[in-house]
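What the coordinates show
Each chain, written out:
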Amino acid sequence: MATDISYEALNILNADYAGCIDDDLLEQWPSFFTEKCLYKITTVENYRGGMLAGLVYADSQRMLSDRVTALREANVYERQRYRHVIGMPRITGRDDQGVQADTPFLVARIMRGGRTDLFASGKYVDRVTVNAAGELKLAQRIVVCDSDSFDTLVAIPF
Amino acid sequence: MATDISYEALNILNADYAGCIDDDLLEQWPSFFTEKCLYKITTVENYRGGMLAGLVYADSQRMLSDRVTALREANVYERQRYRHVIGMPRITGRDDQGVQADTPFLVARIMRGGRTDLFASGKYVDRVTVNAAGELKLAQRIVVCDSDSFDTLVAIPF
Amino acid sequence: MATDISYEALNILNADYAGCIDDDLLEQWPSFFTEKCLYKITTVENYRGGMLAGLVYADSQRMLSDRVTALREANVYERQRYRHVIGMPRITGRDDQGVQADTPFLVARIMRGGRTDLFASGKYVDRVTVNAAGELKLAQRIVVCDSDSFDTLVAIPF
């Protein structure tokens with residue numbers, strides 16, 4: 001029996017997720033995930049090669065919270081601003097526990113001086129499940145970045 | 001009792017709005033708003049600071065129409081082309097009169113010579129209501145631009 | 001009697017379409033179209049002028065397949081990577097056979113060295129129909145690019 005997670009519910013989840021990051025509500029960010037989860041930032045090359053290592057890796061809400069703390073302490077997030085635009089998901093699988101989906105994104109970066117550029121593009125490789133309260137949660141979000149040049153990528157949540 | 005404005009209806013409204021601007025149907029643009037409305041272009045800094053002043057301000061369909069007339073007379077809109085891509089809304093409130101939503105956007109600019117760049121990013125802070133005919137209208141659209149450098153921003157509708 | 005093609009179904013079609021191209025599954029790309037179809041890449045100037053000529057033209061799945069073969073032989077697609085983000089459709093017509101819609105898109109290009117830029121923007125002018133199996137197919141997709149500088153545009157599917 002397949003779950004009844006709707007396409008619209010996935011879109012709402014992603015819209016809320018993007019808003020949370022871009023409105024600098026990072027402390028709420030871990031709550032988009034299941035308690036045990038897989039969050040990883042990686043590149044297309046790594047992802048296709050099946051390498052386990054990503055540039056950022058977390059397997060629990062707690063690790064995600066630690067990451068937010070580290071970002072706050074480093075003040076990294078304040079030096080520039082980001083804007084995520086998340087496209088619509090391509091459903092790649094569905095079972096009785098949840099949905100798999102690939103979802104494209106673009107991230108604009110706005111520098112202190114005001115200049116805007118296209119900072120990153122890629123896709124989320126997600127597994128979405130429903131918790132006891134009926135809320136959608138990310139059991140997995142692998143952030144597959146199109147670019148391999150990664151200096152600053154790791155500094156922000158995707 | 002909350003309104004029954006659907007998520008899909010908001011998306012359709014935004015898709016029509018973007019198409020209206022990018023297809024240069026500016027004369028239709030005011031009809032997306034309620035007769036009395038709040039339309040403002042501002043920046044994140046201004047918006048967070050609660051400043052009332054925006055770079056563009058209108059509180060009625062009529063003021064929006066005047067703005068279109070001014071743009072037509074200045075011929076500003078013809079020198080380059082713009083493409084709006086509007087993301088999906090994050091619903092931030094809902095009551096018996098309408099819906100509040102934050103919606104991210106990117107605007108590409110295409111110069112006469114053909115070069116395309118990322119012109120602007122930001123979010124719409126909207127209040128959407130339903131008129132007597134059952135049509136969705138913007139009672140408020142505050143255009144919060146991520147960048148503070150604003151020379152040319154004001155020349156086009158967002 | 002108008003078709004019952006839903007707004008959501010159009011979004012799913014576009015999400016699958018973008019994923020197909022960006023995941024380099026080009027051989028599946030023709031299957032998004034009806035057997036006889038109209039696929040064309042053109043520019044705003046050409047499209048408004050009503051010129052028949054586009055930079056790329058195909059009127060059947062078979063011609064689209066030939067195009068994929070040519071792209072594979074030229075290895076063009078491997079030198080850089082692209083990311084399509086497709087916005088939401090503006091429905092412009094609906095009859096008993098299908099739906100007309102204009103849909104904006106942005107395409108990011110990721111160069112070998114890792115640099116990302118905004119490669120192209122534009123809109124799809126689509127006619128979508130339903131086949132005997134109940135699947136949505138593109139009877140027409142005219143890719144109207146905003147920019148007139150077109151050197152490399154033609155090398156990839158849009």
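Because the structure is predicted, anything quoted here is derived from the model rather than measured.

1. Re the overall build of chain A
Of regular secondary structure, chain A possesses four helices and seven strands. Counted over contacts in chain A with a minimum sequence separation of 6, partners at least 24 positions apart contribute 60%. In the form shown here, chain A has an accessible surface area of approximately 6700 Å², with 50% of it arising from carbon and sulfur atoms.

2. Details of the interface of chain C and chain A
Accessible area lost when the parts come together is the quantity often used to give the size of an interface. Taken together, the contacts link 25 residues of chain C with 21 residues of chain A. Between chain C and chain A the total buried area reaches about 1800 Å² when both faces are included, carbon and sulfur atoms providing 57% of it. Taken as a group, Arg81, Arg83 and Val85 of chain C account for 33% of the area that chain C buries against chain A, more than any other trio of residues on that side. Between chain C and chain A we count three salt bridges in total. Among the ionic pairs, Asp23 of chain C bridges to Arg90 of chain A, the shortest N-O distance being 2.6 Å. Here chain C and chain A share six residue pairs in polar contact (both at pLDDT 80 or more) between them. Of all the secondary-structure elements, those providing two or more residues to the side of chain C that touches chain A are helix H1 (7-22), strand S3 (81-86), strand S5 (98-110) and strand S6 (116-130) of chain C. The element best represented in the side of chain C that touches chain A is H1 of chain C, accounting for seven residues. For the side of chain C that touches chain A, a count of residues per class yields 10 nonpolar, seven polar and eight charged.

3. Some thoughts on the packing of aromatic side chains
Residues and elements named next belong to chain C. Under the counting rule described, the total for this entry stands at 24 aromatic pairs over all chains. For the ring pair Tyr17 and Phe32, a centre distance of 5.5 Å and an interplane angle of 75 degrees mean the geometry is edge-to-face. Remark: Phe32 occurs in the loop between H1 and strand S1 (33-43) and Tyr17 occurs in helix H1; sequence separation between them is 15 residues. Residue classification places Tyr17 among the buried residues on the basis of a relative accessible area of 1%. Among the residues examined, Phe32 registers a relative accessible area of 12% and is labelled buried.

4. Some details on the interface of chain C and chain B
Opposite the 21 residues of chain C that make contact, chain B presents 25 residues. Both sides of the chain C and chain B interface together cover about 1800 Å² of buried area, and 57% of this is carbon and sulfur. Our enumeration of links across chain C and chain B arrives at three salt bridges. Where chain C touches chain B, the interface holds six residue pairs in polar contact (both at pLDDT 80 or more). Those elements that provide at least two residues to the side of chain C that touches chain B are H1, helix H2 (44-48), strand S4 (90-94), S5 and S6 of chain C. Residue composition of the side of chain C that touches chain B, grouped by class: nine nonpolar, five polar and seven charged.

5. Concerning the relation of the copies chain C and chain B
Of the two same-sequence chains, chain C is brought onto chain B (RMSD 0.0 Å, axial shift 0.0 Å) by a rotation of 120 degrees. Taken together, these values place the two copies in the relation of a three-fold axis.

6. Some words on helix H3 (residues 61-74) of chain C
Residue and element names in this part refer to chain C. The first and last C-alpha atoms of H3 sit 20 Å apart over 14 residues, in line with the 20 Å expected at 1.5 Å per residue. Turning to H3, its buried residues number three or more, namely Leu64, Arg67, Val68 and Leu71. The buried residues of H3 occupy an angular sector of 100 degrees when projected down its axis, which confines them to one face. Exposed residues pointing more than 90 degrees away from the buried face of H3 are listed as Arg62 and Glu73. Those residues of H3 that are buried lie in contact with S1 and strand S2 (56-60).

7. Looking at the side chain of Thr43 of chain B
Following the sequence through the fold, Thr43 of chain B ends up in strand S1 (residues 33-43). When its relative accessible area of 4% is taken as the criterion, Thr43 of chain B is described as buried.

8. Regarding the side chain of Asp126 of chain B
Residues and elements named next belong to chain B. Among the secondary structure elements, Asp126 is positioned in strand S6 (residues 116-130). On the basis of relative accessibility, which here comes to 3%, the residue Asp126 falls in the buried class. Among the polar contacts listed, one links the side chain of Asp126 to the side chain of Arg141, at a separation of 2.6 Å. Other than its neighbours up to four places away in sequence, Asp126 contacts Asn14, Val99, Gln100, Ala101, Thr103, Leu138, Gln140, Arg141 and Ile142.

9. Describing unusual backbone geometry
All names here are of chain B. We note that Asp24 has phi near 65 degrees; this positive angle belongs to a residue other than glycine. Structurally, Asp24 is set in the loop between helix H1 (7-22) and S1. Of the residues examined, Asp24 reaches a relative accessible area of 23% and is grouped as partly exposed.

10. Notes on H1 of chain C
Residue and element names in this part refer to chain C. The terminal C-alpha atoms of H1 lie 23 Å apart, and with 16 residues this matches the ideal 22 Å at 1.5 Å per residue to within 8%. With 12 of 16 residues buried, H1 is to be regarded as a mostly interior element. All buried positions along H1 are accounted for by Tyr7, Leu10, Asn11, Leu13, Asn14, Ala15, Tyr17, Ala18, Gly19, Cys20, Ile21 and Asp22. Looking one or two residues beyond H1, the residue adopting positive phi is Asp24, at roughly 65 degrees.

The rules behind each value
- Residues numbered from 1 in each chain as written.
- Chains lettered and ligands numbered in written order.
- Predicted model: local features only at pLDDT ≥ 70, side-chain atom pairs only at ≥ 80, totals over all residues.
- Heavy atoms only, no water.
- Helix = DSSP H or I, 4+ residues; strand = E, 2+ residues; numbered from the N terminus.
- Contact = heavy atoms within 4.5 Å.
- Areas by Shrake-Rupley, 256 points an atom, 1.4 Å probe, with all protein chains shown as cover.
- Buried area = accessible area lost by both parts, 1.4 Å probe.
- Salt bridge = Lys/Arg side-chain N within 4 Å of Asp/Glu carboxyl O.
- Polar contact = N/O pair within 3.5 Å; in protein donor to acceptor, adjacent residues only side chain to side chain.
- Nonpolar A, V, L, I, M, F, W, Y, C, P; charged D, E, K, R; others polar.
- Phe/Tyr/Trp six-rings, centres within 6.5 Å; stacked < 30°, edge-to-face > 60°.
- Buried < 20%, exposed > 50% of the residue type's maximum accessible area, 1.4 Å probe, protein only.
- Least-squares fit on C-alpha atoms with pLDDT ≥ 70 in both.
- Expected span 1.5 Å × (residues − 1).
- Arc of directions from axis to C-beta.

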